[in-house]
Amino acid sequence: MNTPAIEVRGLRKSYGTKAVLDDVDLTVGAGTVTALLGPNGAGKTTTVHILSTLVRPDGGTALVNGRDVVRDPDGVRAAIGLTGQFSAVDKLLTGEENLMLMARLRHLGAKRSKNRAAELLEQFDLVEAARKPLATYSGGMQRRLDLAMTLVSAPSVIFLDEPTTGLDPRSRHTMWDIVRSLVADGTTVLLTTQYLDEADELADRIAVLDGGRLVAEGTPDELKRLVPGGHIRLRFADAARLDAASRLLGESARDDAGLSLTVPSDGGVGALRTVLDRLDTANLEVDDLSIHTPDLDDVFFALTGRVETKGTES
Ligand SMILES: Nc1ncnc2c1ncn2[C@@H]1O[C@H](COP(=O)(O)OP(=O)(O)OP(=O)(O)O)[C@@H](O)[C@H]1O
Ligand SMILES: [Mg+2]
């Protein structure tokens, strides 16, 4: 992994007697996307708020770009952008005016503010709407403007708290493209989501949070391999080969009509190689092969014992 942009160790936070974050560890490599995945109340927003210096942790350490969120909050703030916090956005002002205002707040100067606003309006496909008051923007347009506002000062680390909740499929995909282009430019992204497919699409690594505890962490593929149910499917040219392979591989389900065998597997390369080596040694040619790994829904279920309903808003 690259040099970490975010390093969290033993993070704890309680409200009253309720532990909201319980010993959370998290590392986010610079220039990568990590998804904090979890249901309502898991502690996602609390984590983001601690990392963006809005909430003080009770214990543990959190570094952003090497700066400690408690000891050097100004250092952290200089590096980050946070989306989801723009209650300060003025709905009567236009998109352009809001961006200029933010730029001036960030001490960019009149000329640079204007240039930066124009650049962002272009990048976020808001040129046509630039001179219209925010009150007339659709949900997707407002979300894009929100994100544009956080990018005014070109932060190296950005936090996106449920960037696509409530958006229609097209706006979700637009948002995904935006996140990808940010990362392509070297930005580090920590996003929270309740959507397994979003984490799967965008994230280099996924941290699954449930009830304030980190229940799993890894690449999407690693997480998928944690759950049983993966298999390798082999198809053969004729019944004779199918027969021989079935005898050779033992524990496998056989589909005579489809001339195929389903062999349980963790979906990893090692298991695949073992199966292929055995077939090779026996001189058995495989016609077609596919690998099935469980999806993130299976992972979440395996980890938490619950199936999450998608699209619930907090
Ligand atoms: N200021 C607060 N005072 C008391 N309890 C709080 C406060 N902020 C959060 N909580 C509680 O902490 C828990 C975690 O909240 P948090 O907002 O971090 O969850 P989340 O994962 O972001 O959930 P959601 O998906 O609903 O946004 C919840 O049980 C919430 O009620
Ligand atoms: Mg939240």
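The rules behind each value
- Residues numbered from 1 in each chain as written.
- Chains lettered and ligands numbered in written order.
- Predicted model: local features only at pLDDT ≥ 70, side-chain atom pairs only at ≥ 80, totals over all residues.
- Heavy atoms only, no water.
- Helix = DSSP H or I, 4+ residues; strand = E, 2+ residues; numbered from the N terminus.
- Buried < 20%, exposed > 50% of the residue type's maximum accessible area, 1.4 Å probe, protein only.
- Contact = heavy atoms within 4.5 Å.
- Areas by Shrake-Rupley, 256 points an atom, 1.4 Å probe, with all protein chains shown as cover.
- Near = heavy atom within 4 Å.
- Polar contact = N/O pair within 3.5 Å; in protein donor to acceptor, adjacent residues only side chain to side chain.
- Nonpolar A, V, L, I, M, F, W, Y, C, P; charged D, E, K, R; others polar.
- Domains from an automatic or database assignment.
- Core = buried A, V, L, I, M, F, W, Y, C linked by side-chain atoms within 4.5 Å.
- Arc of directions from axis to C-beta.
- Salt bridge = Lys/Arg side-chain N within 4 Å of Asp/Glu carboxyl O.

**A closer look at the overall build of the protein chain**
What the protein chain contains, in helices and strands, is 11 helices and 14 strands. A principal-axis box enclosing the C-alpha atoms of the protein chain has dimensions of 80 × 50 × 35 Å. Per-residue burial over the protein chain gives 46% buried out of 314 residues. For the protein chain, the proportion of contacts with a sequence separation of at least 24, taken over those separated by at least 6, is 67%. As displayed, the protein chain offers around 15,500 Å² of accessible surface, 48% of which is attributable to carbon and sulfur atoms.

**Focus on the site of ligand 1**
In the vicinity of ligand 1, 14 residues are found, and the nearest of them are Asn-40, Gly-41, Lys-44, Thr-45 and Thr-46. Here an oxygen atom of ligand 1 and a side-chain polar atom of Thr-45 are 2.7 Å apart. Glu-162 has a polar side-chain atom sitting 3.1 Å from an oxygen atom of ligand 1. In isolation ligand 1 exposes 630 Å². Once the protein is present, 64% of that is buried. Among the residues making up the shell around ligand 1, the classes are represented as 4 nonpolar, 7 polar and 3 charged.

**Here's the deal with the domain arrangement of the protein chain**
Each assigned domain of the protein chain is listed with its residue range as follows: domain 1 (6-224) and domain 2 (231-293). Computed over C-alpha atoms, the centres of domain 1 and domain 2 are 45 Å apart.

**Comments concerning the nonpolar core**
Counting residues in each nonpolar core, the largest one holds 44 residues, and the members touching the most others are Leu-99, Phe-124, Leu-147, Val-189 and Ile-206. At 6 residues, helix α6 (residues 169-184) tops the list of elements feeding residues into this core. Residues in contact with Ile-206, not counting those within four places in the same chain, are Ala-35, Leu-37, Ala-199, Asp-200, Ala-216, Glu-217, Gly-218, Pro-220, Leu-223 and Leu-296.

**A closer look at helix α9 (residues 239-249)**
Among the residues making up α9, those that are buried are Leu-242, Ala-245, Ser-246 and Leu-249. Each buried residue of α9 lies within a common arc of 105 degrees when the element is viewed along its axis, so the set occupies one face. Exposed and oriented more than 90 degrees from the buried face of α9 are Ala-240 and Arg-247. The opening residue of α9 is Asp-238, an N-cap whose side-chain oxygen sits 3.3 Å from the backbone nitrogen of Ala-240. Count one or two residues on from α9 and you reach Gly-250, which has phi positive near 65 degrees.

**A few points about the pattern of salt bridges**
What the rule picks out here adds up to 19 salt bridges. With a shortest N-O distance of 3.0 Å, Arg-213 and Asp-22 are connected by a salt bridge. With a gap of 191 residues between them, Arg-213 in strand β10 (residues 213-218) and Asp-22 in strand β2 (residues 18-29) connect regions that are remote in the sequence. A relative accessible area of 46% means that Arg-213 is categorised as partly exposed.

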